[in-house]
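Reading the structure
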Amino acid sequence: MDVDIGNALASVASPGISREGLERLDERVATAHERIEAGRANDEHGYAALNLPERTDPDAIRAAVEPVADVDALVTIGIGGSALGAATITDALADAGDGTEAVYLDNIDPAWITRRLEALPLESTAINVVSRSGTTAETLANFLVVREAFEDAGVDWTERTVVTTGESGPLRSLANRHDLAAVSVPDGVPGRFSALSAVGLVAAAVCGHDLEAILEGAAAEADTLTGSLFECPAYAYGATAYALDARGASMNAMVPYAESLETYAEWFAQLWAESLGKDDLGQTPVRALGVTDQHSQLQLYRAGPRDKLVTFVTPRKTADRDIPGTDVDELAYLGDATLGELLEAEFEATEASLAAAGRPNVRVELESVDAFELGGLLYGMEAACVLAGELYEVSTFTQPAVEWAKNATRGLLGGGEFEEAEAVAEKTTLR
Ligand code: PA5
């Protein structure tokens, strides 16, 4: 990925960062890079995720999914980091796959689940259940519901379920008990950093995507990690976002200009929020989509409070389609253009409109939305996030607030003794 931070400089934007400010920050980037490299070298928790391009074995993933390779649909059951990486990949690359429909069940809204299950051709659907801990209530509950739907339809779910989980835990026990195909989540890789492991790639393999190209793109991005933000696109992004937050841009609107990258914005939001939102620090990610949100959120981005960084992600090349001409003179300009040209013009105009109003924005450019570039984007944003975590001095790879709510939920339903559940009960009594 290429990163252009020109519109985030103090000479053109407010808040913005000066060249001198970037140079001072670069000294901290060098120190942070040393820490990151040491973490990678020792496969430390979290930092190990940045080694996935060279550690993940695409052949092993393909072998694990071989029994379900011919299905028409794959329902992935997982939540947060156990779903968003996979969904980002299969959504972004949908046009390049083998036609297998990728369906994701993360929410437990009963009406929504029922509707989705009714729409699935169960006799030609496989199940991909993903949970690193193997204990997440939403994922296990949805798996039990889906399993029952298969049984009710007279379809043997054990033959067509792939489990991705840790070496122990309830989901691993269930997989062992029913002799299900199982893949392990690699050690030291937190959920939101696991897109480039089996967690994100099992669904991609079933849908016929080029796993090697995804990992090669990620490896190429890994090769750009050096101790200077002026030489490394990922660090340029992480450092700029951090510096702008420190200067008042407490929000980061992620705006891909490709419909296929809409889920990527959701993945980014989790990565940024769950990793950096600690100790009263962190930048709030907002999900938007070009051009759709030009007609809703752009007004606020250009003229609202000066508390935002807008991050554009745009492919240089896209598929194209002519816009048919009409005999209405006022519409002649459309007939002379293509949808791709219109999209590009919309992007250029939006970027320029923010720049003209002195609103900081960063352009992340991809050659196109393909497997190689997507691997680079996912890796680059993970590295940017790890760098930002070092600059904020937060514990990037933990998620105590998320764990708090998980424990409280399990405790409330009688799934164990958890002090978090007692805190909920106390609050309810006080009301
Ligand atoms: O990034 C994280 O750690 C979380 O978002 C987890 O991925 C999410 O809570 C799901 O956890 P698990 O994979 O244990 O089911």
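For the protein, the name recorded in an unreviewed UniProt entry is Probable glucose-6-phosphate isomerase, with Natronosalvus rutilus as its organism. The UniProt entry for the protein carries the following text under Sequence similarities (unreviewed entry): "Belongs to the GPI family."

The next subject is the overall build of the protein. Each helix and strand counted, the protein has 17 helices and ten strands in total. By the compact-globule yardstick of 22 Å for 431 residues, the protein fits well, its C-alpha radius of gyration being 23 Å. When each of the 431 residues of the protein is scored for burial, the buried share is 46%. Across the protein, every contact between residues at least 6 apart in sequence was considered, and the portion connecting residues at least 24 apart equals 77%.

With respect to topology, five strands assemble into an open sheet ordered S1-S10-S9-S7-S8, the strand pairing being mixed. Two strands in the sheet have a free side with no partner beyond their single neighbour: strand S1 (2–4) and strand S8 (284–287). The average angle at which neighbouring strand axes cross in this sheet is 20°, direction not considered. The pairing of strand S7 (residues 251–256) with strand S9 (residues 308–317) spans six bridges and is classified as parallel. In the strand pairing of S9, Asn252 is matched with Leu309.

So, on to the nonpolar core. In this structure, Val202, Ala239 and Leu387 are the most contacted members of the largest nonpolar core, which totals 124 residues. It is helix H15 (residues 371–392) that contributes the most residues to this core, 15 residues altogether. Leave out the neighbours within four places in its chain, and Leu387 touches Val29, Ala32, Ile36, Ala234, Tyr235, Gly238 and Ala239.

Looking now at the site of the ligand. Close to the ligand lie 15 residues; Gly80, Gly81, Ser133, Thr136 and Gly191 are nearest. A class-by-class count of the residues in the shell around the ligand yields three nonpolar, nine polar and three charged.

Quick look at the UniProt feature "active site" (unreviewed entry) in the protein now. Here the UniProt-annotated "active site" (unreviewed entry) positions come out as Glu274, His295 and Lys406. A maximum C-alpha distance of 36.9 Å is found for the annotated residues, which run over 133 residues; spatially they are spread out rather than grouped. A residue is classified by how many C-beta atoms lie within 10 Å of it, and His295, with 8 of them, is exposed. Relative to the elements of secondary structure, Lys406 occurs in helix H16 (residues 400–412).

It is worth spelling out the pairing of strand S2 (residues 73–77) at this point. Burial analysis of S2 places four of its five residues in the buried class, which makes it a mostly covered element. Across five bridges, S2 lies against strand S3 (residues 101–105) in parallel orientation. Within S3, the residue paired with Thr76 across the bridge is Tyr104. Handedness of the S2-helix H4 (residues 84–92)-S3 crossover: right-handed. Alignment of S2 against strand S4 (residues 125–131), held across five bridges, turns out to be parallel.

Attention shifts here to the environment of Cys207. Locating Cys207 in the fold gives a position in the loop between helix H8 (198–206) and helix H9 (211–222). The sequence separation of Cys207 and Val129 amounts to 78 residues, and the corresponding C-alpha distance is 15 Å. Setting aside its immediate chain neighbours within four residues, Cys207 contacts Leu74, Thr90, Gly97, Asp98, Thr100 and Ala102.

Further remarks concern the environment of Arg302. With respect to the helices and strands, the residue Arg302 is situated in helix H12 (residues 298–303). Each C-alpha atom, one on Arg302 and one on Ala102, is 36 Å from the other, the two residues being 200 residues apart in sequence.

This brings us to the sheet that holds S3. Strand order in the open sheet made by the five strands is S3-S2-S4-S5-S6, with parallel pairing throughout. The sheet is open, and its two borders are formed by S3 and strand S6 (181–184), each paired with just one other strand. Going from strand to strand, the sheet's axes swing by 20° on average, the running direction of each strand aside. Sheet analysis places strand S5 (residues 161–165) next to S6, joined by four bridges and oriented parallel. Looking across to S6, one finds that Val162 is bridged to Ala181. Together, S2, S3 and S4 form the strand contacts of helix H6 (residues 137–152), whose direction differs from that of S2 by roughly 145°.

Rules of the game
Residues numbered from 1 in each chain as written. Predicted model: local features only at pLDDT ≥ 70, side-chain atom pairs only at ≥ 80, totals over all residues. UniProt positions renumbered as here; feature names shortened; annotations may be inferred. Helix = DSSP H or I, 4+ residues; strand = E, 2+ residues; numbered from the N terminus. Rg over C-alpha atoms; globule rule 2.2 N^0.38 Å. Buried ≥ 20, exposed ≤ 12 C-beta atoms within 10 Å, placed from the backbone. Contact = placed C-beta atoms within 7 Å. Pairing = 2+ DSSP bridges. Axes fitted to C-alpha atoms, helices over the stretch in contact; angles between N-to-C directions. Core = buried A, V, L, I, M, F, W, Y, C linked by C-beta atoms within 7 Å. Near = placed C-beta within 6 Å. Nonpolar A, V, L, I, M, F, W, Y, C, P; charged D, E, K, R; others polar. Right-handed = clockwise from strand over helix to strand, strands pointing away.

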